[in-house]
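One-letter residues, chain by chain:
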Amino acid sequence: MTDERSNSGRTVKFTPFASSVDSPFWVRYCQAKLETIQLNEEPVDIVGSYGVDGAAGAQQVPRLQLQETSLQPDAILPNERVRIPIQLLGYNTIESFQKVNKNKILADGFRNKFMQGDVESLVSAMLLTYADLKNHRVLYWFGIPAMMPKTSSPICCVQQSLLSQAWMPSEVQGLAVRLQQLRKDEASKGQGGLIPFFVTTKGATVPLTASCLKDLNVEDVGNVEALDGVTFGFFDPTSSSLSTSQDQQPVGWPMRNLVAYLSVHLGLGGKQVNVLSYRPTNLRRFDVNNPNAELGDLNGGEGSIILKINVPFKQDYDWSGAAAAAAATDATTTATTTQPPEYKAVGWELNVRNKPGPRWVNLRPLLDSTHLAIQAADLNLKLMKWRMLPNLDVERLNSTKVLMIGAGTLGCNVARTL
């Protein structure tokens, strides 16, 4: 067993998500707010997703995407994207949106499912909204929670290398084939989506569960040699860096909760484990009913990297002080405290000023009747120019004001012409 404090290494850098919401989602949400949600402020379950493309420079920032169908929690997702369950909290006034304790609701909403061992919660999100229906605007703020260890016990990496350098080509290709089979198994469940986490040896690969080590015949987590042959992997939405492999590359946000899960639920706190940031370059959407469907990348992604990290202890995630008090108590003495564990989560998205804060989305071009009328009039003028009068000064005609007195037969014809 290797204590993380004996060889701390360098603190791992994580790349947070940025949101990307399609306009039809907001239109559907505003309609639902008017017709079904109304004044109800209870949480609403929706679904989002993120893609995986490990090509160098493919996407500078990992994107959490919401589409028009995201309001349906059971929506079928493309099988090359990772499903993210999202809890939407819609407030009726901007004051209630501003006054809510956002750090507390982010931690509380995530902690309960995480402490129950729910693997799906490791990639989840929270969306706070205030819909200004009269002005066709929505104020929103995304939070993608990650369990936060104490500042004195960060997640540290003692070694990092490319997967292609650490494993033989046949081993890399074998992993890719097994992951493709896991994709097919997941797709057969009917909801689509890509499994976010997996556990692998060089001969077997299984999804991340509470019993995954037993499934791989690793019964004793204290056996350093046996544990060294196990790699905990995740599909990393971060694109590969163009820097050399010697430089420490940032990894995706999902790894933070993966490490917390290893510490809290698999009892690997204080040990060194291998974590694979898997970055395939060409994952294809496939037909579940076609057994010979091409699934894409078989080389494991040239940018995939393996990190040997020190897993924080379970008590390193407890900010209440109870864990420290218990550790300081003599081993023969039973520590008694009434203070419950306190877990913190981070992950609120940055706004356009690159600071934690909400964003506004303007839906007037899509919903406001006056704005739509102006757009229609502008379109008519442009069509007139393209089809009949190429030399027509559209800007001048658009800004011209005409006073019409009388709306009889002649007046209506003149108005129609204008």
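The preceding data block contains the structure.
Parameters at a glance
- Residues numbered from 1 in each chain as written.
- Predicted model: local features only at pLDDT ≥ 70, side-chain atom pairs only at ≥ 80, totals over all residues.
- Heavy atoms only, no water.
- Helix = DSSP H or I, 4+ residues; strand = E, 2+ residues; numbered from the N terminus.
- Pairing = 2+ DSSP bridges.
- Contact = heavy atoms within 4.5 Å.
- Axes fitted to C-alpha atoms, helices over the stretch in contact; angles between N-to-C directions.
- Polar contact = N/O pair within 3.5 Å; in protein donor to acceptor, adjacent residues only side chain to side chain.

Chemist: Got a minute to help me understand the environment of glycine 270 in this structure?
Modeler: The topology assignment puts glycine 270 in the loop between helix H8 (254-264) and strand S14 (272-278). Spatially, the C-alpha atom of glycine 270 lies 9.9 Å from that of isoleucine 309, the residues being 39 residues apart in sequence.

Chemist: Sorry, what's going on with the sheet that holds S14 here?
Modeler: Each strand in a sheet pairs with another by means of backbone hydrogen bonds, the pair being arranged parallel or else antiparallel. Sheet architecture is open: 7 strands sit in the order S1-S9-S15-S14-S12-S10-S11, paired in mixed fashion. The two strands at the open ends of the sheet, each matched to only one other strand, are strand S1 (10-11) and strand S11 (205-207). Each of strand S10 (197-200), S11, strand S12 (231-235) and S14 is contacted by helix H5 (residues 169-187), which is oriented at about 35 degrees to S11, the strand it contacts most. Its contacts with the sheet put H8 on S10, S12, S14 and strand S15 (305-310), and the angle it makes with S12 is roughly 150 degrees.

Chemist: Any chance you could explain the side chain of serine 277 here in plain terms?
Modeler: Topologically, serine 277 is positioned in strand S14. Within polar-contact distance, the side chain of serine 277 engages the side chain of arginine 279 at 2.8 Å. Apart from the residues lying within four places of it in its own chain, the contact partners of serine 277 are Phe234, Asp236, Val251, Ser304, Ile305 and Leu307.

Chemist: In this structure, what is going on with the environment of aspartate 53? I would like to understand it.
Modeler: Checked against the element boundaries, aspartate 53 lands in the loop between strand S4 (44-51) and strand S5 (63-66). As a C-alpha pair, aspartate 53 and proline 237 span 184 residues in sequence and 6.5 Å in three-dimensional space.

Chemist: Help me out: how do you make sense of unusual backbone geometry in this one?
Modeler: Leaving glycine aside, a negative phi is the common case for residues, and trans is the common case for peptide bonds. Unlike most non-glycine residues, histidine 136 shows phi in positive territory, near 55 degrees. Considering the arrangement of structural elements, one finds histidine 136 in the loop between strand S7 (125-132) and strand S8 (137-147). A positive phi angle, close to 65 degrees, is found at asparagine 354, a residue other than glycine. Relative to the assigned elements, asparagine 354 resides in the loop between strand S16 (345-348) and strand S17 (359-362).

So, to be careful, I would describe these as geometric facts and stop short of saying anything about function.
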